[in-house]
Amino acid sequence: MKQDWIVLLQRQNQLGKVIETNQKTAPYGLVLSQQDAELIIQEHHHALREQRRVEFGDGITPKIIYEFCDSDFIDQNSYVDTIIRLQEIFYLYKNEMDDEITDDELLHFMKEQFDQVCFGDLEYLEGTCLNIFAQAIRAGYRGYRSSEGYGEYLQFDEVPRWDYELYREVLQELCWR
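What counts, and where the lines are drawn
Going along each chain's sequence as written, the residues are numbered from 1 onward. Confidence filtering applies because this is a predicted model: local features only for residues at pLDDT of at least 70, side-chain atom pairs given and counted only at 80 or more, and all residues used for totals across whole chains, interfaces and linings. Calculation of side-chain values draws on the structure's entire complement of heavy atoms; hydrogens and water are dropped beforehand. Here a cavity means grid points, on a 1 Å grid over the protein atoms only, where a 1.4 Å probe fits yet cannot get out; a pocket means an open set of points with protein on both sides within 12 Å along at least five of seven lines; lining residues are those with an atom within 4 Å of a point. Grid points are joined across faces, edges and corners, and a volume is the space filled by probe spheres set on the points. Numbering of helices and strands runs from the N terminus, with a helix taken as a DSSP run of H or I at least four residues long and a strand as a DSSP run of E at least two residues long. Three classes are used, and their members are as follows: Ala, Val, Leu, Ile, Met, Phe, Trp, Tyr, Cys and Pro are nonpolar, Asp, Glu, Lys and Arg are charged, and the others, Gly among them, are polar. To pair, rings of Phe, Tyr and Trp, with the six-membered ring standing in for Trp, must have centres within 6.5 Å; the planes then decide the type, stacked if under 30 degrees apart, edge-to-face if over 60, and tilted in the middle. Buried means the residue's accessible area, taken with a 1.4 Å probe over protein chains only, is under 20% of the maximum for its type, while exposed means over 50%, and partly exposed covers the values in between. Between N-to-C directions, angles cover 0 to 180 degrees, with each direction set by a line fitted to C-alpha atoms, over the stretch in contact for helices. Should an angle lie under 35 degrees it is considered roughly parallel, over 145 roughly antiparallel, and from 65 to 115 roughly perpendicular; all remaining angles are considered oblique. Two helices cross in a left-handed way if the nearer one is turned anticlockwise from the farther one by less than a right angle. They cross in a right-handed way if the turn is clockwise. Contacts: residue pairs with any heavy atoms within 4.5 Å of one another. We define a salt bridge as a side-chain nitrogen of Lys or Arg found within 4 Å of a carboxyl oxygen belonging to Asp or Glu. Note that His is not counted, nor are the chain ends; the positive residues are Lys and Arg, and the negative ones are Asp and Glu. We define the bend at each residue as the angle formed by axes fitted to the 7 residues ending at it and the 7 residues starting at it. Under the rule applied, a polar contact is a pair of N or O atoms within 3.5 Å (in protein, one hydrogen donor and one hydrogen acceptor; residues adjacent in sequence only if both atoms are side-chain atoms).

As for the layout of surface pockets
Right, so step 1: Its volume calculated, the largest pocket comes out at about 210 Å³.
Right, so step 2: In terms of lining residues, the largest pocket is bounded by 10 residues, among which Gln10, His45, Leu48, Arg53 and Glu55 are the most central.
Right, so step 3: Secondary-structure elements contributing two or more residues to the lining of the largest pocket are α1 (2-20) and α3 (34-50).
Right, so step 4: Top element by residues in the lining of the largest pocket is α1. It accounts for four residues.
Right, so step 5: A class-by-class count of the residues in the lining of the largest pocket yields three nonpolar, three polar and four charged.

Structure below.
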């Protein structure tokens, strides 16, 4: 009975922290209802159980919300589902990286790739960007520590990207024909 009371108190605290994020996210058009926040917290606990992790304090959810709220690839319609999925991905890769990377470093890396490489595609973030980065970390790479997770992916990116200058040249050639 005592344990149930502690768990309930912890969830209420987490719920309050998630609802508080509305103050920062509202200018971006992102607002969580009480029901949305409860679902996010419920899925947060599911993700922890799934990845066999224990968490103390406020949890990672508010940090995820604050990190991603200004993304051009999240709108009110996708907000709750995106936060839930980001929680799952976060804990999966904390495990995959053997907890070598701090929460903030991982969040910075995730956000940068989400916006600049994945263009909001969570599957690509999880299956490609984070997978490649996790392999590098497991192999001993520690360069992310000095950059706090920013600007790390380009050195590991295996996918050829289009070159803007080459695209412009080809476009000009096509226009002159």
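Section: unusual backbone geometry
Right, so step 1: Even without being a glycine, Asp98 presents a positive backbone phi close to 50 degrees.
Right, so step 2: Mapped onto the secondary structure, Asp98 falls in the loop between α5 (79-96) and α6 (103-116).

Thoughts on the packing of aromatic side chains
Right, so step 1: Going through the model one piece at a time under the given rule, you end up with six aromatic pairs.
Right, so step 2: Relative to Tyr91, the ring of Phe90 has its centre 5.3 Å away and its plane inclined at 80 degrees; by these criteria the two rings are edge-to-face.
Right, so step 3: Judged by its relative accessible area of 1%, Phe90 is buried.
Right, so step 4: Judged by relative accessible area, Tyr91 falls into the buried class, the value being 2%.
Right, so step 5: Their ring planes at 10 degrees and their centres at 3.9 Å tell us that Phe109 and Phe133 sit as a pair that is stacked.

Examining the packing of α5 against α6
Right, so step 1: Running from amino to carboxyl end, α5 crosses α6 at an angle of 125 degrees, the nearest separation of the two axes being 11 Å. Judged by the angle between their axes, α5 and α6 are oblique. Both α5 and α6 take part in a crossing whose hand is right-handed. Along its contact with α5, which presents Thr82, Leu86, Ile89, Phe90, Tyr93 and Lys94, the element α6 presents Asp103, Leu106, Leu107, Met110 and Phe114.
Right, so step 2: Class assignment of the residues belonging to the contact of α5 with α6 gives a composition of eight nonpolar, one polar and two charged.

Topic: the pattern of salt bridges
Right, so step 1: Per the stated rule, a full pass over the model turns up nine salt bridges.
Right, so step 2: Lys94 is the partner of Asp99 in a salt bridge, and the nearest nitrogen-oxygen pair spans 3.9 Å.

A closer look at the packing of α3 against α5
Right, so step 1: Closest axis-to-axis distance for the α3/α5 pair is 9 Å, and the angle between their directions is 20 degrees. Considering their axes alone, α3 and α5 lie roughly parallel with respect to each other. Two packed elements cross with a definite hand, and for α3 against α5 that hand is right-handed. Note on element contacts: α5 touches α3 through Val80, Ile83, Ile84, Gln87, Glu88 and Tyr91, opposite Asp36, Leu39, Ile40, Glu43, His44, Ala47 and Leu48.

Let's talk about the side chain of Glu67
Right, so step 1: Within the secondary structure, Glu67 is located in helix α4 (residues 61-68).
Right, so step 2: In this structure, Glu67 is buried with no salt-bridge partner, the nearest side chain bearing the opposite charge being Lys111 at 5.9 Å.

Topic: the side chain of Gln87
Right, so step 1: Along the chain, the position of Gln87 falls in helix α5.
Right, so step 2: With a relative accessible area of 0%, Gln87 lands in the buried category.
Right, so step 3: Excluding residues within four positions of it along the chain, Gln87 makes contact with Ile40, Glu43, His44, Thr61 and Ile64.

Description of helix α7 (residues 122-138)
Right, so step 1: Helix geometry: α7 is bent most strongly at Leu130, by close to 35 degrees.
Right, so step 2: Considered for burial, the residues of α7 that qualify are Leu122, Leu125, Glu126, Thr128, Cys129, Leu130, Ile132, Phe133, Ala134, Ala136 and Ile137.
Right, so step 3: Where α7 begins, the capping side chain belongs to Asp121, and its oxygen is found 2.9 Å from the backbone nitrogen of Glu123.
Right, so step 4: A positive backbone phi angle near 115 degrees is found at Gly140, which sits one or two residues after α7.

Distances and angles like these do not, on their own, reveal function.
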